[in-house]
Amino acid sequence: MASRFKLALVQMLVERTKELNHIKAKKLIQEAAKKGAKVVVLPEFFTSWCDPKFFLEVMEPVPKGPTFTLLSEAARENEIFLFGGTYPEASGKSEMFGNLCNIFNPRGELIGQHRKTHLFDVDLGPRLRITESHNVIPGNNFTSVTTDYCKIGVGICLDLRFPEMARIYGQRGCNLLIYMGAFSRKTGPVHWDVLSKARAVDNQVYVASVGPATDERSPYVTWGHSSVVNPWGEIIASCESEEAIVYADIDFDYLKEVRRMLPIENQRRNDLYTTVDLTNGTPV
Ligand SMILES: NC(=O)CCC(=O)C(=O)O
């Protein structure tokens, strides 16, 4: 396996229609690949604005709707591993859908699917009462995929808050965790970087967190600020709220050096506590 590779996080300004978002995603993926990125990541809900009304408009059939096809082709044409953001996946129960991420290899083949496991049911003030469980069917699995560079653990938005899930990815041998999120502008400024850094330091891994760009036109305004944190807990690449592609070199020699300097894996008291993976752990 290569000792380093270039990662690209596409912080897209999501448009009102799926058609415009498809055109934009394709262009930005191509731009990232031309700059040398081998793994490219799109944000959560990149096919529509974040609101149940719009989600129902863009919901797609399983297994292969137009977004699935677009992503598979983009991975193949650009010869990249593509973590294809998320979009609503029809469930057959009228207003309910899965929040689905598809992952493709450079041949355009599906190598993993993650459905958001933790749902955002919150009361953050008058205009920020969200009950995701009214529409979203939670996934019941943790998803890690093997790439040419390392094993990668996958999470969606609120999943970032749960250290147990990241720990399970650490235990599976993942050296990079990728979270596709659409953090709110209320929680994002205080929690987004702290959580990404915590997941990185807890597990001595790289953590990449990507969201859509901030858009005042959307009913739910997201925080942006996509970033990559290294295993020491430093942000090594980031942007602010505007549309941007964030590039970072993922360096496994550096990861090994952090683990050599601070060997927490050897110091862990497995005789006193444990984190158990209760999912069946079956990759797609
Ligand atoms: N869609 C989400 O899960 C949003 C999560 C979020 O904003 C948070 O603060 O957590």
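Since this is a predicted model, take the numbers as computed values, not measurements. (Residues numbered from 1 in each chain as written. Predicted model: local features only at pLDDT ≥ 70, side-chain atom pairs only at ≥ 80, totals over all residues. Heavy atoms only, no water.)

### What to know about the overall build of the protein chain
Point 1. The helix and strand tally for the protein chain stands at seven helices and 16 strands.
Point 2. At 18 Å, the protein chain has a C-alpha radius of gyration in line with the 19 Å of a compact globule built from 284 residues.
Point 3. Structurally, the protein chain occupies a C-alpha span of about 50 × 40 × 35 Å along its principal axes.
Point 4. Counting the 284 residues in the protein chain, one finds 56% classified as buried.
Point 5. Taking the contacts inside the protein chain whose residues are at least 6 apart along the sequence as the reference set, 71% of them involve residues at least 24 apart. (Helix = DSSP H or I, 4+ residues; strand = E, 2+ residues; numbered from the N terminus. Rg over C-alpha atoms; globule rule 2.2 N^0.38 Å. Buried < 20%, exposed > 50% of the residue type's maximum accessible area, 1.4 Å probe, protein only. Contact = heavy atoms within 4.5 Å.)

### With respect to the side chain of Asn135
Point 1. Position of Asn135 relative to the elements: it lies in the loop between β8 (129-131) and β9 (136-137).
Point 2. Within the structure, Asn135 has its side chain in polar contact with the backbone oxygen of Glu95 (distance 3.2 Å).
Point 3. The residues contacting Asn135, other than those within four sequence positions of it, are Pro52, Glu95, Met96 and Phe97. (Polar contact = N/O pair within 3.5 Å; in protein donor to acceptor, adjacent residues only side chain to side chain.)

### With respect to the packing of aromatic side chains
Point 1. Inspection of the entire model under this criterion finds nine aromatic pairs.
Point 2. On the basis of an interplanar angle of 25° and a centroid distance of 4.6 Å, the ring pair of Phe5 and Tyr149 is categorised as stacked. One end of the pair, Phe5, is in strand β1 (residues 4-11); the other, Tyr149, is in the loop between β10 (143-146) and β11 (151-156), and 144 residues separate them in sequence.
Point 3. Geometrically, the ring pair formed by Phe183 and Trp192 is tilted, given 4.9 Å between the ring centres and 50° between the ring planes.
Point 4. Using a relative accessible area of 6% as the deciding quantity, one classes Phe183 as buried.
Point 5. Among the residues examined, Trp192 registers a relative accessible area of 1% and is labelled buried.
Point 6. By the ring-pair criterion, three or more aromatic residues cluster together here, those being Phe5, Phe81, Tyr149 and Phe252. (Phe/Tyr/Trp six-rings, centres within 6.5 Å; stacked < 30°, edge-to-face > 60°.)

### Things to note about the site of the ligand
Point 1. Near the ligand, the surroundings consist of Glu44, Lys116, Phe120, Glu132, Cys157, Leu158, Arg161, Ala182, Phe183, Ser184, Thr187 and Tyr220.
Point 2. Between the ligand and the protein, one listed contact pairs an oxygen atom with a side-chain N or O atom of Lys116 at 2.6 Å.
Point 3. Residue Thr187 places a side-chain N or O atom 2.5 Å away from an oxygen atom belonging to the ligand.
Point 4. For the ligand, whose accessible area on its own is 290 Å², the fraction buried by protein is 97%.
Point 5. Of the residues that constitute the shell around the ligand, the class distribution is six nonpolar, two polar and four charged. (Near = heavy atom within 4 Å. Areas by Shrake-Rupley, 256 points an atom, 1.4 Å probe, with all protein chains shown as cover. Nonpolar A, V, L, I, M, F, W, Y, C, P; charged D, E, K, R; others polar.)

### Some details on the pairing of β10
Point 1. Inspection of the sheet shows β10 paired to β11 by four bridges, in the antiparallel sense. Across the sheet, residue Val145 finds its bridge partner in β11, namely Ile152.
Point 2. Here β10 folds back onto β11, and the loop between the two strands holds four residues. (Pairing = 2+ DSSP bridges.)

### Some details on the packing of helix α4 (residues 163-171) against helix α5 (residues 188-203)
Point 1. Axis separation between α4 and α5 bottoms out at 10 Å; the angle between their running directions is 40°. Of the possible angle classes, the one that applies to α4 and α5 is oblique. Classified by chirality, the crossing of α5 by α4 is right-handed. On the side of α4, the interface is formed by Pro163, Ala166, Arg167 and Gly170, while α5 contributes Arg199, Asp202 and Asn203. (Axes fitted to C-alpha atoms, helices over the stretch in contact; angles between N-to-C directions. Parallel < 35°, antiparallel > 145°, perpendicular 65-115°, else oblique. Left-handed = near helix turned anticlockwise from the far one by under 90°.)

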